[in-house]
Amino acid sequence: MPENGTDYLAWTKARGAGDLADKMGIEFTEFSLDRAVARMPVEGNTQPAMLLHGGAYVVMGESLGSMSANLHAGAGKIAVGIEINASHTGSATSGWVTAVCTPIHLGRTLTTHEIVVTDDRGRRCSTIRITNLIMDRPAGA
């Protein structure tokens with residue numbers, strides 16, 4: 001885990017968000033305890049109707065929310081997702097979508113984050129909420 005005063009965005013980029021996020025082209029652009037931002041291309045992440053796949057919104061939200069929860073968890077701890085939901089209210093068809101993740105609750109054992117995803121025109125496309133459980137990091141993890 002990074003120390004206080006660490007460049008959290010650099011830490012996040014060095015750690016990575018995992019193979020799936022990499023394959024989907026998710027790029028972190030801002031990262032702190034209070035706010036995390038990422039973007040993802042629509043191209044390559046569409047359903048047959050050429051709309052951004054609903055599951056792509058959820059992967060993006062889980063990537064941001066889980067990374068944020070793990071930063072909050074601190075040294076010797078790990079945050080694991082226990083619940084996620086999404087409401088899709090728009091459809092991105094081209095360009096990029098941007099997700100902004102903010103904490104709703106940062107507790108000792110649970111975190112909840114809201115992730116709002118917008119298209120290039122600033123229209124809200126999806127709202128995701130994720131809850132993570134904070135627990136002791138397993139040996140060897």
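All figures in this text were calculated on a predicted structure; none of them were measured in a lab.

1. Things to note about the pattern of salt bridges
Scanning the entire structure with this criterion turns up five salt bridges. Linking Arg-123 and Asp-119 is a salt bridge whose minimum nitrogen-to-oxygen distance equals 2.9 Å.

2. Quick look at the nonpolar core
By size, the foremost hydrophobic cluster in this structure holds 28 residues, and its most contacted members are Phe-31, Met-40, Leu-52, Tyr-57, Leu-64, Val-97 and Ile-115. Elements with a contribution of two residues or more to this core: α1 (8-15), α2 (19-24), β1 (27-31), β2 (36-41), α3 (54-73), β4 (96-106), β5 (110-118) and β6 (124-136). Among the elements that make up this core, the one with the highest residue count is α3 (six residues). Sequence-distant contacts of Met-40, defined by excluding residues within four places in its chain, comprise Met-24, Gly-25, Ile-26, Asn-45, Leu-52, Ala-56, Met-60, Gly-95, Trp-96 and Val-97.

3. Observations concerning the sheet that holds β4
The strand order across the open sheet formed by six strands is β1-β2-β4-β5-β6-β3, and the pairing between neighbours is antiparallel. Across the chains shown, the open sheet's two edge strands, defined by having one partner strand only, are β1 and β3 (77-88). Averaged over all neighbouring strand pairs, the angle between strand axes comes to 25°, with direction disregarded. Pairing analysis gives nine bridges linking β5 to β6, with the strands arranged antiparallel. Residue pairing in the sheet places Glu-114 in a bridge with Arg-129 of β6. Here α3 sits on the sheet in contact with β1, β2, β3, β4, β5 and β6, set at roughly 40° to β6.

About the criteria used
- Residues numbered from 1 in each chain as written.
- Predicted model: local features only at pLDDT ≥ 70, side-chain atom pairs only at ≥ 80, totals over all residues.
- Heavy atoms only, no water.
- Salt bridge = Lys/Arg side-chain N within 4 Å of Asp/Glu carboxyl O.
- Core = buried A, V, L, I, M, F, W, Y, C linked by side-chain atoms within 4.5 Å.
- Buried < 20%, exposed > 50% of the residue type's maximum accessible area, 1.4 Å probe, protein only.
- Helix = DSSP H or I, 4+ residues; strand = E, 2+ residues; numbered from the N terminus.
- Contact = heavy atoms within 4.5 Å.
- Pairing = 2+ DSSP bridges.
- Axes fitted to C-alpha atoms, helices over the stretch in contact; angles between N-to-C directions.

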